[in-house]
Amino acid sequence: MDSFRIHGPARLAGAVRAGGAKNAALPALAASLLAGAPLEIEDAPRVRDLETMRRLLDHLGVASRWEGSRLHLGPGGAASPDDAPYELVKTMRASVLVLGPLTARRGHARVSLPGGCAIGVRPIDQHLAGLEALGAKVTLAHGYVEARAERLIGTRFRFAVPTVTGTENLLMAASLARGVTVLENCAREPEVEDLARLLVTMGARIEGAGGDSIRIEGVDSLGGGRHRVIPDRIEGGTYLIGAALTGGDVTLTEAQPVALLPLLEALTGCGAEVTRGENWVRVTRAGDLSSRDVVTAPYPGFPTDLQAQYVALMTQARGVATVIETVFENRMQHVAELARMGADIRLDGRTARIHGPTRLSGASVMATDLRASACLVLAGLAAEGETVVDRIYHLDRGYEAMENRLVALGARVERVRRPD
Ligand code: EPU
């Protein structure tokens, strides 16, 4: 298991480009199950979750190969059952994204129930209720969900909670349904909108993605096409928080600043300077940081995927910052590790009160999930001395070569390789 050794304190300065968004690329890959012709996904990030999805697709009869950062997908692969086994699904919840496309295209899907994960229980009841509304017969047995439908039929369905992958699953399923589907209370994340753009390229008829209500007119078949995924706002946001945290000066290039607005407002509010153009953002900080409260919420609220990194930032801010996690019930595991580095944080359920500023000192810490790992790496940059962040495989699920990007920004970070 690899770890990162970080020598702090560092000051991040320079330009950095985020890769394509992991959470846009994953549904884009799943959409290949709907494609009647080859699909090319451009700017796909070289992260572990994508490799897991490629393995799953291979198992389902879709072969893929890299050409630089472009992924070619087409028929092939090992076999083509309609079955997503536990061994693959357990390592990545986003595997559930194959459920909608398989049911719509092949009339049958058998997908292992993802179960809980480090950040919470994460049910998929809304995915299932939506598929049932589209006419699928859904059964649960032996830890698997099985969905059957000769042809899905357009419907009106209202999500009880806005769910990102749930909206994506139904968007893909409804694209091949007979008739019109209207989805309400949809997730409005840019990644959902990006998937809709890809599906439209493939021949789907979709209106309203990115908003609360999406209308899909089903078609008989979909083709292939070429699609460039949007830049990763969470990866980019992590480096911008790093700039504010280390009193640095970082410009994020080839970005979509609008998708980062909730973070940029928070950064301005706590004393960083933010300037932006159409496709770049620069964050600098010369003076002291002051605390600013944050409550996570579905888009366009403050993203839960940047909450842990923001908590690291608040350890260096004057005053008491209250950070409330409303999306997942167990996403504060970084707090205990930050405390080992000297942070003063009182945790009450999903609410963290961060008293700052505190002097952080390097320590050996353990990553528990993807974004918690990013938080600990950032804290290591701000800390005095050596920090070792263990279990960096969590980080590799969603950040492409983070150590190289940080080194290019002036940090001292090295990957310590240890055979598993
Ligand atoms: N929920 C339900 N029922 C459902 C689905 C969701 O109650 O059927 C609840 C969840 O338990 C949670 C809330 O709804 O409390 C929102 O969950 P959502 O379904 O939107 O999350 P997700 O689709 O499983 C995606 C991202 C996550 C990100 C969340 C929230 C992908 C592949 N994953 O997960 O990304 O945190 O949306 O924005 O898109 C990450 O990248 O680190 C990550 C965890």
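Since the structure is predicted, the reported quantities are computational estimates derived from the model, not experimental observations.

Thresholds, definitions, all that
Note on numbering: residues in each chain are counted from 1, in written sequence order. Totals for whole chains, interfaces and linings use all residues, but because this is a predicted model, local features are given only for residues with pLDDT of at least 70 and pairs of side-chain atoms are given and counted only at 80 or more. As a rule here, side-chain values come from all non-hydrogen atoms in the structure, and water together with hydrogens is ignored. Helix numbers and strand numbers start at the N terminus; a helix is a DSSP run of H or I with at least 4 residues, a strand a run of E with at least 2. All radius of gyration figures rest on C-alpha atoms, and the globule criterion is 2.2 Å times the number of residues raised to 0.38. Partly exposed residues are those whose accessible area sits between 20% and 50% of the maximum for their type, while under 20% is buried and over 50% is exposed, using a 1.4 Å probe and protein chains only. Throughout, a contact is declared for two residues whenever any of their heavy atoms are within 4.5 Å. For accessible areas, the Shrake-Rupley method is used with a probe of radius 1.4 Å. Any residue's cover is judged against the shown protein chains and nothing else. Positive charge is attributed to Lys and Arg, negative charge to Asp and Glu, and no charge count is given to His or to the chain ends. All charge positions are set by atom: Lys at NZ, Arg at CZ, Asp at CG, Glu at CD. Start and end positions for the domains come from either an automated domain assignment or a database one. In this description, buried area is defined as the sum, over both parts, of the accessible area (probe of 1.4 Å) that is lost when the two are combined. Think of a salt bridge as a Lys or Arg side-chain nitrogen and an Asp or Glu carboxyl oxygen that are within 4 Å of each other. Polar contacts, as used here, are pairs of N or O atoms within 3.5 Å; protein pairs need one atom able to donate a hydrogen and one able to accept it. Residues neighboring in sequence count only if both atoms are side-chain atoms. Here the nonpolar group is Ala, Val, Leu, Ile, Met, Phe, Trp, Tyr, Cys and Pro; Asp, Glu, Lys and Arg are the charged ones; every other residue, Gly included, is treated as polar. By this definition, two strands are paired if DSSP reports at least two bridges between them. In this analysis an axis means a line fitted to C-alpha atoms, helices contributing only their contacting stretch, and an angle means the value between N-to-C directions, from 0 to 180 degrees. Nearness is judged by heavy atoms alone; a residue qualifies as near a molecule or strand once a single heavy atom is within 4 Å of it. Multiplying one less than the number of residues by 1.5 Å gives the expected span of a helix. The definition of a nonpolar core used throughout is a set of buried Ala, Val, Leu, Ile, Met, Phe, Trp, Tyr and Cys residues joined through side-chain atoms within 4.5 Å. Only Phe, Tyr and Trp rings are paired, with Trp represented by its six-membered ring, and only when their centres lie within 6.5 Å; those with planes under 30 degrees apart are stacked, over 60 edge-to-face, the remainder tilted. Charge-over-ring placement is defined geometrically: NZ (Lys) or CZ (Arg) within 6 Å of the ring centre, and within 35 degrees of the ring normal.

**Q** Please explain the overall build of the chain as it appears in this structure.
**A** Within the chain, the secondary structure is distributed over 14 helices and 25 strands. Its C-alpha radius of gyration of 21 Å places the chain within 12% of the 22 Å reference for a compact globule of 420 residues. Seen along its three principal axes, the alpha-carbon backbone of the chain occupies a region of about 60 × 45 × 40 Å. Here the chain holds 420 residues, and the buried ones make up 58% of them. In the chain, the proportion of contacts linking residues at least 24 apart, taken out of those at least 6 apart, comes to 72%. Accessible area for the chain stands at about 16000 Å²; split by element, carbon and sulfur atoms hold 47% of it. Both charge centroids of the chain, one from 48 positive and one from 49 negative side chains, sit 1 Å from each other.

**Q** Mind showing me how you'd approach the domain arrangement of the chain here?
**A** Frequently, the measure chosen for interface size is the accessible area removed from exposure when the parts meet. Along its sequence, the chain is organised into domain 1 (3-19 + 231-416) and domain 2 (22-228). In this structure, domain 1 and domain 2 have C-alpha centres spaced 30 Å apart. Facing the 25 residues of domain 1 at the interface are 21 residues of domain 2. Around 1900 Å² of area is buried between domain 1 and domain 2 when both sides are counted, 48% of it from carbon and sulfur atoms. Looking at the side of domain 1 facing domain 2, the largest losses of area belong to Tyr299, Arg397 and Glu400, adding up to 32% of the total buried there. For the pair domain 1 and domain 2, the number of links is three salt bridges. For the pair domain 1 and domain 2, the number of links is seven residue pairs in polar contact (both at pLDDT 80 or more). Those elements that provide at least two residues to the side of domain 1 that touches domain 2 are helix H12 (370-382) and helix H13 (393-396). When its residues are assigned to classes, the side of domain 1 that touches domain 2 shows eight nonpolar, five polar and twelve charged.

**Q** Would you mind showing me how to read the sheet that holds strand S4 (residues 62-67) here?
**A** Whether parallel or antiparallel, the strands of a sheet pair through hydrogen bonds between backbone atoms. The sheet built from four strands is open, its strands ordered S4-S5-S3-S14 with mixed pairing. The strands lining the two open edges of the sheet, one partner per strand, are S4 and strand S14 (225-228). On average, each strand axis in the sheet is inclined to that of its neighbour by 20 degrees, with strand direction left out of account. Packing against the sheet, helix H2 (residues 48-59) makes contact with S4 and strand S5 (70-75), and its axis sits at approximately 145 degrees to S4.

**Q** What is the right way to look at the site of the ligand in this model?
**A** Neighbouring the ligand are 22 residues; Gln126, Thr163, Thr165, Asp305 and Val327 lie closest to it. At 2.8 Å, a side-chain N or O of aspartate 125 approaches a nitrogen atom of the ligand. Backbone polar atom of valine 327 to an oxygen atom of the ligand: 2.6 Å apart, as the coordinates give it. Relative to its free-state accessible area of 820 Å², the ligand is covered by the protein chains to the extent of 86%. Counting residues per element, the shell around the ligand draws most heavily on helix H5 (residues 125-133), which supplies three residues. In terms of residue class, the shell around the ligand is made up of ten nonpolar, six polar and six charged. Looking at which domains feed residues into the shell around the ligand, each of domain 1 (3-19 + 231-416) and domain 2 (22-228) supplies at least three.

**Q** Hey, could you run me through H12 in this one?
**A** Note that an α-helix has 3.6 residues per turn; residues three or four places apart therefore point the same way. Its 13 residues give H12 an end-to-end C-alpha distance of 19 Å, which sits within 8% of 18 Å, the value for a rise of 1.5 Å per residue. Of all 13 residues making up H12, twelve are buried, and the element is well covered by its neighbours. Looking at H12, one finds that the buried residues are Leu370, Arg371, Ala372, Ser373, Ala374, Cys375, Leu376, Val377, Leu378, Ala379, Gly380 and Leu381. Where H12 begins, one side-chain oxygen reaches toward the backbone nitrogen of arginine 371, 3.1 Å away; that side chain belongs to aspartate 369.

**Q** Sorry, what's going on with helix H8 (residues 233-245) here?
**A** Under the 1.5 Å per step criterion, the end-to-end length of H8 is 18 Å for 13 residues, consistent within 8% with the ideal 18 Å. Most of H8 is tucked away: 13 of the 13 residues are buried. Measuring from the backbone nitrogen of isoleucine 234 back to the side-chain oxygen at the start of H8 gives 3.0 Å, which picks out aspartate 232 as the cap. A positive backbone phi angle near 65 degrees is found at glycine 247, which sits one or two residues after H8.

**Q** Please clarify how the nonpolar core should be interpreted in this entry.
**A** Among soluble globular proteins, nonpolar side chains are generally buried collectively. One finds Ile41, Met53 and Leu199 to be the most contacted residues of the largest nonpolar core, which totals 74 residues. Per-element accounting of this core gives the leading share, six residues, to helix H1 (residues 22-30). With residues up to four places along the chain from it excluded, the contact list for leucine 199 reads Ala31, Leu34, Leu171, Met172, Ser175, Ala204, Ile206 and Leu222. In this structure, Leu12, Ala18, Ala352 and Leu406 belong to the second largest nonpolar core, which totals 68 residues.

**Q** Could you clarify how one ought to interpret the packing of aromatic side chains in this entry?
**A** For any pair of aromatic rings, geometry is given as the distance between the ring centres together with the angle between the planes. Under the definition given, this model contains two aromatic pairs. With 5.1 Å between their ring centres and 85 degrees between their planes, phenylalanine 157 and phenylalanine 159 make a pair best called edge-to-face. Like phenylalanine 157, the residue phenylalanine 159 is buried in the burial classification. Here the aromatic rings of phenylalanine 302 and tyrosine 310 are separated by 5.4 Å at their centres, their planes lie at 65 degrees, and the arrangement is edge-to-face. The buried category is assigned to tyrosine 310, whose relative accessible area is 0%. The ring of tryptophan 66 is capped by arginine 46, whose NZ or CZ atom sits 4.1 Å from the centre of that ring.

**Q** Could you clarify how one ought to interpret the environment of valine 200 in this entry?
**A** Take valine 200: it is sitting in helix H7 (residues 190-201). The exposure class assigned to valine 200 is partly exposed, which follows from its relative accessible area of 40%.

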